[in-house]
Amino acid sequence: MSRNSMNYPSAPLNGGEVEICEQLWNQLHELAVEAMGSAYAPYSRYPVGAAAVTADGRFVTGCNVENAAYGIGLCAECGLVSELVRTGGGRLVAFACVNSQGEALVPCGRCRQLLYEHGGAELLLWMPAGITPMKEVLPAAFGPEDILKVGGNSGLE
Ligand code: THU
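Scope of this entry: the structure provided in the associated data block. Because the structure is predicted, anything quoted here is derived from the model rather than measured.

**Regarding the site of the ligand**
Surveying the vicinity of the ligand reveals the residues Ser44, Tyr46, Val48, Asn64, Glu66, Cys75, Ala76, Glu77, Leu105, Pro107 and Cys108. Glutamate 66 is positioned such that a nitrogen or oxygen atom in its side chain is 2.5 Å from an oxygen atom of the ligand. Here cysteine 108 contributes a backbone N or O atom positioned 2.9 Å from an oxygen atom of the ligand. Burial of the ligand by the protein amounts to 77% of the accessible area it has alone, namely 370 Å². Counted by class, the shell around the ligand contains seven nonpolar, two polar and two charged residues.

**What about the sheet that holds strand S4 (residues 59-63)?**
Here five strands make up an open sheet; going across it, the order is S4-S3-S5-S6-S7 and the pairing mixed. With partners counted over all chains shown, the strands left at the sheet margins are S4 and strand S7 (130-133), one partner each. Across the sheet, the mean angle from the axis of one strand to that of its neighbour is 20 degrees, orientation sign disregarded. As defined by bridge partners, strand S3 (residues 49-54) adjoins S4 across five bridges and the pair is classed as antiparallel.

**Quick look at helix H2 (residues 76-86)**
Among all positions in H2, only Ala76, Glu77, Cys78, Leu80, Val81, Glu83 and Leu84 are buried. Elements that come into contact with the buried residues of H2 comprise S3, S4, strand S5 (92-98) and helix H3 (109-119). At the exit of H2 stands glycine 88, carrying a positive phi of roughly 115 degrees.

**Some points on the packing of H2 against H3**
H3 packs onto H2 with a crossing angle of 20 degrees between their chain directions and a minimal axis gap of 10 Å. Judged on the interaxial angle alone, H3 and H2 are roughly parallel. For the element pair H2 and H3, the recorded crossing hand is left-handed. Together, Glu77, Cys78, Leu80, Val81, Leu84 and Val85 of H2 and Arg110, Cys111, Leu114, Leu115 and His118 of H3 make up the contact between the two elements. For the contact of H2 with H3, the per-class residue count stands at eight nonpolar, one polar and two charged.

**Comments concerning the nonpolar core**
Counting 21 residues, the largest nonpolar core has Leu80, Leu92, Phe95, Leu115, Leu123, Leu125 and Met134 as its most contacted members. For this core, the secondary structure elements donating two or more residues are S3, H2, S5, H3, strand S6 (124-127) and helix H4 (134-137). Here this core takes four residues from H2, the largest share from any one element. Those residues in contact with leucine 115, other than ones at most four positions away along the chain, are Glu77, Leu80, Val81, Leu92, Phe95, Pro107, Gly120, Leu123, Leu125 and Met134. Tyr8, Ala11, Trp25 and Ala51 belong to the second largest nonpolar core, which has 16 residues in total.

**Examining H3**
An α-helical turn contains 3.6 residues, so any two residues separated by three or four positions project in the same direction. Along H3, the residues classified as buried are Cys111, Arg112, Leu115, Tyr116, His118 and Gly119. If you follow the buried residues of H3, they end up packed against H2, S5, S6, H4 and helix H5 (144-149). Backbone geometry just downstream of H3 places glycine 120 in the positive-phi region, at approximately 65 degrees.

**What about the pattern of salt bridges?**
One pass over the full model with this rule turns up three salt bridges. Taking the shortest distance from any N to any O, the salt bridge between lysine 135 and glutamate 122 comes out at 2.9 Å. A residue pair is termed long-range when its members are at least 10 positions apart, and lysine 135 in helix H4 and glutamate 122 in the loop between H3 and S6 qualify at 13 residues. Residue classification places lysine 135 among the partly exposed positions, given a relative accessible area of 41%. Since its relative accessible area comes to 55%, glutamate 122 is described here as exposed. A salt bridge links lysine 149 to aspartate 146, with the nearest nitrogen and oxygen atoms 3.3 Å apart. Here lysine 149 pairs with aspartate 146, and both are found in helix H5, just three residues apart, close to one helical turn.

Each value, and the rule that gives it
- Residues numbered from 1 in each chain as written.
- Predicted model: local features only at pLDDT ≥ 70, side-chain atom pairs only at ≥ 80, totals over all residues.
- Heavy atoms only, no water.
- Near = heavy atom within 4 Å.
- Polar contact = N/O pair within 3.5 Å; in protein donor to acceptor, adjacent residues only side chain to side chain.
- Areas by Shrake-Rupley, 256 points an atom, 1.4 Å probe, with all protein chains shown as cover.
- Nonpolar A, V, L, I, M, F, W, Y, C, P; charged D, E, K, R; others polar.
- Pairing = 2+ DSSP bridges.
- Helix = DSSP H or I, 4+ residues; strand = E, 2+ residues; numbered from the N terminus.
- Axes fitted to C-alpha atoms, helices over the stretch in contact; angles between N-to-C directions.
- Buried < 20%, exposed > 50% of the residue type's maximum accessible area, 1.4 Å probe, protein only.
- Contact = heavy atoms within 4.5 Å.
- Parallel < 35°, antiparallel > 145°, perpendicular 65-115°, else oblique.
- Left-handed = near helix turned anticlockwise from the far one by under 90°.
- Core = buried A, V, L, I, M, F, W, Y, C linked by side-chain atoms within 4.5 Å.
- Salt bridge = Lys/Arg side-chain N within 4 Å of Asp/Glu carboxyl O.

Here it is in structure tokens:
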């Protein structure tokens, strides 16, 4: 059994590495739209779905989950990152998130940081303006390398 409880399709692989191609972006879009359908967004009425794939071809998804205490609502990316870690971790290489119309939306600032931790500067994001690497979406990012540089504890080996 796969480590994911979700019924995800198989990502296109090339020698064990995910192949970033049109088929993959279509799969990510479809999974993000499906995840958006599970969103709990009664306050904003702005459901969001997100999907990403790891370097070894595992999909992860998330949807936004709001709360009557408005400020503690969770973005779709929070659920996605939580699923990533729960299902074995790994490096995110491609990401898409959608609004209720299935259109690309730009991840909020906090979620850019969340995604940076698990995908780094090379993570590719499907944005309204097209496919864009994280180094353009979150330039000069703070990351685990900065902590390592001064001998602090980071998630890096
Ligand atoms: N939202 C996300 O899920 N991800 C983002 O990157 C931007 C915003 C959600 C949060 C809130 O539930 C709704 O969209 C409106 O802001």
